[in-house]
Amino acid sequence: VPTPIGNLQEMTPRALDVLKNVSVVAAEDTRNTKKLLMAYGIDTPLISHHEHNQETSIPKIIERLSNHEDVAVVSDAGYPLVSDPGQKLVQTTIENGFNVVSVSGANAAMNALVASGLSCYHYLFYGFLENKSAKRKKQLEQIKEIPYTIVFYEAPHRIEDTLKDMLDVLGNRKMCLARELTKVHEEFIRGTVSEVLEVASSCKGEMVI
Ligand code: SAM
């Protein structure tokens, strides 16, 4: 079940219904999800499921499914699994013969893509690049010939370095920096990589390239 990437109104009636009616919600951070559920008056119990406890949390979830319980999976924002925990859980659940379905909702990459002004006919979602410049450049080299819009997630403290590497490897192509999506200070900065680089140091908050 996806959760809002900023604006709390972006919970669909169906997503709320699912969270209300499952036996338990497996959450990346139970404190964050508790706040979200409380805002909607939902008191479904929460269990913790993230990259660091999945060896123990996944068997517990499979056991619940074996007892005919339904389990919802959420991360802190947007879709679980998309640059967030949940991949192994979904694989293991399917391997154990249980059904997995998805609920529609918020996703930062999609919001950024459709308002970017760049082509949405074909696109590659890359997610996060490596933190270190040498490794990051290697990753960019691998995708530089791809003739599609490419969508990256990035942290604000790395944006300048990452854009510099992109200018070096991908060239001065058209881009859009989408920040604080669905929030009060939402902004789409459109231009060439070098134009966006000029203002990148003053860009704060969550961002999609
Ligand atoms: N699972 C999420 C999704 O479906 O979009 C992504 C989670 S990932 C850990 C967090 C990254 O998503 C951030 O570093 C940023 O790149 C992007 N992101 C999340 N919320 C955003 C927002 N409101 N505005 C811009 N980017 C956002």
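The structure this text deals with has already been given above.
## Let's talk about the overall build of the protein chain
- A tally of regular secondary structure across the protein chain gives eight helices and eight strands.
- Viewed in the frame of its principal axes, the protein chain has a C-alpha envelope of about 55 × 35 × 30 Å.
- Residue burial in the protein chain is summarised as follows: out of 209 residues, 43% are buried.
- In the protein chain, once contacts between residues fewer than 6 apart in sequence are set aside, the share between residues at least 24 apart is 65%.
- For the protein chain, the accessible area works out to roughly 11700 Å², and carbon and sulfur atoms hold 51% of it.
- For the protein chain, the separation between the mean place of its 22 positive charges and that of its 27 negative charges on side chains is 3 Å.

## Observations concerning the sheet that holds strand S1 (residues 24–27)
- Taken together, three strands build an open sheet; the order of strands is S2-S1-S3 and the sheet is parallel. Pairing within the sheet leaves two strands with one partner each, and these edge strands are strand S2 (46–48) and strand S3 (71–74). Going from strand to strand, the sheet's axes swing by 30° on average, the running direction of each strand aside.
- Relative to S3, S1 runs parallel, the two being bridged by four bridges. By the bridge assignment, alanine 27 is partnered in S3 with valine 74.

## A short note on helix H2 (residues 30–39)
- Taken as a whole, H2 has its buried residues at Thr33, Leu36 and Leu37. Take H2 and look down its axis: the buried residues cluster within an arc of 95°, on one side only. Turned more than 90 degrees from where H2 packs its buried face, Arg31, Lys35 and Met38 sit exposed.
- In this structure, the buried side of H2 is in contact with helix H1 (13–21), S1, S2 and S3.
- The opening residue of H2 is aspartate 29, an N-cap whose side-chain oxygen sits 2.9 Å from the backbone nitrogen of arginine 31.
- Following H2 by one or two positions, glycine 41 adopts a phi angle in the positive range, close to 65°.

Cut-offs and rules
- Residues numbered from 1 in each chain as written.
- Predicted model: local features only at pLDDT ≥ 70, side-chain atom pairs only at ≥ 80, totals over all residues.
- Heavy atoms only, no water.
- Helix = DSSP H or I, 4+ residues; strand = E, 2+ residues; numbered from the N terminus.
- Buried < 20%, exposed > 50% of the residue type's maximum accessible area, 1.4 Å probe, protein only.
- Contact = heavy atoms within 4.5 Å.
- Areas by Shrake-Rupley, 256 points an atom, 1.4 Å probe, with all protein chains shown as cover.
- Lys, Arg positive; Asp, Glu negative; His and termini not counted.
- Charge placed at Lys NZ, Arg CZ, Asp CG, Glu CD.
- Pairing = 2+ DSSP bridges.
- Axes fitted to C-alpha atoms, helices over the stretch in contact; angles between N-to-C directions.
- Arc of directions from axis to C-beta.
- Polar contact = N/O pair within 3.5 Å; in protein donor to acceptor, adjacent residues only side chain to side chain.

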